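Understanding the architecture of this molecule
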Amino acid sequence: MTRKIPLIAHDLKRLYTGFLLAAVLLFAVCTYLTQFNPMVLAANGDAFWEFITEDFLPPALPKASRIPGIFSSVLVTLALAMSATTVAAILAFFVALFGSEKVSPFPRFAKVVRGFATFLRNIPALVWAFILFSSLGIGTGVGVNALLSKSLGEKNQYRANKTAENGLFLALCSYLVFLVLGLTVVRPYFYAQTSDAAIAEQGIRYLTICCVLSLGMFMQVMNEKLLAATSRTTLSMISQLVGAVVNIILDPIFIFGYCGEALSGTTGAALATVIGQFCGAGVSFYLNLRKNPDIQLDFKGFRPSAEAIKRIYVVGLPSIAMQCVGSVMTFLMNQILMAFTATAVAVFGVYFKLQSFVFMPIFGMNNGMVPIIGYNYGARKPDRVKKTIKCAMFYAEAIMLVGFLLFQFLPDKLLGLFSASEAMLAIGKPALRIICFHFLLAGMSIILSSTFQALGNGMFSLIISVCRQLVVLLPAAWLLSKTGNVNMVWWSFVIAELVSVTLSFVFFARLDKKIIEPMYDNAAAAQ
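Below is a summary of the structure that appears in this document.

Moving on to the overall build of the protein chain. Helix and strand counts for the protein chain come out as 22 helices and zero strands. Going through the 527 residues of the protein chain one by one, you find that 45% of them count as buried. Of all intrachain contacts in the protein chain linking residues separated by at least 6 positions in sequence, the fraction that spans at least 24 positions is 79%.

Right, here's the structure in full:
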C-alpha cells in the first residue's frame, strides 16, 4: 500500500495557521489605527457610477491634437484601476470559512459573518467582478505554469498533458460561474444599489456582457500561461498583442456609434473588450495546438483530475491572495499619508506609477525564469536550478541599480513627467530618494519569491508578501508618521524590504536544504 504524501508538511501546518491568524489580527489593528470607515466607502458608491457613465467616455471623437493627452489620461485611469484590485479579497476566504455552519470552527458565529457579507454587497458590483476576473484567471494560471513546467522536467508527458487539460477545464469552470452570475445576479443587485434607472441600466449592460462573454478572457489567460510554461513567451506576447490591438481598434468604432446607436457607449466598450479577449484566446489556443509540441491537448474521454486541480491551487491560491495584498497596503498607506496632506497621497501615487517601469522588466524576467526552474526541478538538475536563480538575481539587481540611480539623481525630472507642482516637488524629491533605497534589496526578494512558486511552495511567497506590505510596512509607516515628518514615513519601505529579504533567504535556505541539496544526493546515488 502506497503512502500518501501530504501537500503541506505536518510540521508547517501550525506555522501557517499561526501566521495566518497573526496577519488577520495585525490587519484589523492597522485598519483601526488608520480609522478606515467602510460606511464612507459604501456611501460614496454612487460617485463611482457617475464617473463611469458621465465622465469616463468622451462625448465625441477627439481632434488629432488631443489624442496624446487622451492616451495619457487613459493610461492613468488604467493604472488606478490596476492599483484598486481586491481590497477585500483576503477577507473573502475568512467570510467563506466562518460563514458556513458546516465548516466554520464557530458555527454560532456564522450568521454574524453572513450579515457582514451582506453589508459588503453594498460595494459597487463592477469592482468585485473585475477583482474576481483577475484573481481567478491569473492565480489559476500561475499554478498551472508551475506544475506543467515541473512535469515536463520530470519527462512525465502524461502529467504535463493532464495539467494543461485540467487548466483549460478550470478556465471553463471559472467562466460558467460568471455566466450564471451575469444572468441572475447583475440586474437585481444594481437596482438594490441605486434608484437611478439610467445609471443602473448602463452598469447592468456592461457587467452582463463582460460576465456572459468572459470565456474569452479566461481561455486567453490560461492558454498564455501554457505557452509561458513551455518557454514560448514570444508566442504568448503575440496573443496578448492581438487581443490588445483588436480592443484598441474596436473601442472608438463601437463607443462612438459607428456600428449603430444600440452598440455605442458602455455597450460598445464592453463588446470591444470581449471581442479582443476572444481574438487573443483563439490565437493562443491555435499556437498551443500547432506551435507547442511540449503538450498534446486531447479532450476525448477527458475527466477532471482532483489531484491535478489540488496541486494547481496549492500554488495558485497563494498567488491569488498575493494580488490582494498590494491593494490593501495602498489603501491603508493613503489613509496614513492623508493625515499630512493630499499632496503626499499624490506623491505616493506617482511613485507607484514610476516604480512600475523599474519592476516590470523583472516581472517579465520572472515569467521566463519560473518555467526554467520548474523544468529543471522536475528533471532533478540542481546545478541548473541554482544557476538560473543566480543569473536572474544578477540581472534583477542590475535593473534595480539603474532604477536606484534614476530615482536618486533625477527625481525632479521623473516628477516633471506628471506636471508636478512646487508643493509636489517639495515632498516628492526626498520621497523618491528615500524610497529608492529599497530597490537595492527588492530584486532579490522578487526573484526568490518566484523561485518558491516554481518549486511548489507558493505559501512562502504569500508569507513574505504579507509580512512586507501589511505586517511590517503599515505599522512602521504609522509609527513613523507620529514624528510629524512625512519624510520619515518613506523609510518604512526600506524597513519592510529588509525584513522581506531576510525572510526570503531564510525560506530559501530551508528549501535548499529540503529540496535542492537532496537532488545532488539522488544524482550521486544514481551513479
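Right, picking up where we left off after that structure.
Mapped onto the elements of the fold, Lys390 is located in helix α16 (residues 382-409). Residue classification places Lys390 among the exposed positions, given a relative accessible area of 61%. Placed 57 residues apart in sequence, Lys390 and Ile447 show a C-alpha to C-alpha distance of 9.2 Å.

Quick look at the nonpolar core now. In terms of nonpolar packing, the biggest core is built from 73 residues, with Met333, Leu337, Phe407 and Trp490 touching the most fellow members. With 14 residues, helix α15 (residues 342-378) is the largest single contributor of residues to this core. The residues touching Leu337, leaving out its near neighbours within four places in the chain, are Ala344, Val345, Phe348, Val486, Val489 and Trp490. In this structure, Phe178, Cys211, Met219 and Ala281 belong to the second largest nonpolar core, which totals 28 residues.

Here Asn376 lies in helix α15. In terms of polar contacts, Asn376 uses its side chain to reach the backbone carbonyl oxygen of Ile372, at 2.8 Å. Sequence-distant contacts of Asn376, that is, excluding residues within four places in its chain, are made with Lys381, Arg384 and Val385.

Quick look at a positive patch on the surface now. Positive charge collects at one region of the surface, where Lys155, Lys381, Arg384 and Lys387 lie side by side. Here Lys155 lies in the loop between α7 (125-153) and α8 (157-184).

So, about the pattern of salt bridges. Using the criterion set out here, one finds five salt bridges in the structure. In this structure, Asp412 and Lys413 form a salt bridge, with 3.6 Å as the shortest nitrogen-oxygen distance. Of the residues examined, Asp412 reaches a relative accessible area of 31% and is grouped as partly exposed. Residue Lys413 is classed as exposed on the basis of its relative accessible area, which comes to 53%. Sharing partners across several salt bridges, the network here consists of Lys386, Asp512 and Glu517.

Here the focus is the environment of Phe505. Structurally, Phe505 is set in helix α22 (residues 491-526). As for Phe505 and Leu448, which are separated by 57 residues in sequence, their C-alpha atoms are 7.8 Å apart. Excluding anything up to four places from it in sequence, Phe505 contacts Met444 and Leu448.

Here we take up helix α19 (residues 439-454). With 16 residues, α19 ought to run about 22 Å at 1.5 Å a step, and its terminal C-alpha atoms sit 23 Å apart, in line with that. In terms of burial, α19 is a largely internal element, 15 of the 16 residues being buried.

Attention now goes to the side chain of Thr163. Inspection of the secondary structure assignment puts Thr163 in helix α8. Residue Thr163 is classed as buried on the basis of its relative accessible area, which comes to 0%. The residues contacting Thr163, other than those within four sequence positions of it, are Val144, Leu147, Leu148, Ser151 and Ile312.

Procedures and definitions
- Residues numbered from 1 in each chain as written.
- Predicted model: local features only at pLDDT ≥ 70, side-chain atom pairs only at ≥ 80, totals over all residues.
- Heavy atoms only, no water.
- Helix = DSSP H or I, 4+ residues; strand = E, 2+ residues; numbered from the N terminus.
- Buried < 20%, exposed > 50% of the residue type's maximum accessible area, 1.4 Å probe, protein only.
- Contact = heavy atoms within 4.5 Å.
- Core = buried A, V, L, I, M, F, W, Y, C linked by side-chain atoms within 4.5 Å.
- Polar contact = N/O pair within 3.5 Å; in protein donor to acceptor, adjacent residues only side chain to side chain.
- Patch = residues over 30% accessible without salt bridge, like charges linked within 9 Å, V, L, I, M, F, W, Y side chains within 5 Å.
- Areas by Shrake-Rupley, 256 points an atom, 1.4 Å probe, with all protein chains shown as cover.
- Salt bridge = Lys/Arg side-chain N within 4 Å of Asp/Glu carboxyl O.
- Lys, Arg positive; Asp, Glu negative; His and termini not counted.
- Charge placed at Lys NZ, Arg CZ, Asp CG, Glu CD.
- Expected span 1.5 Å × (residues − 1).

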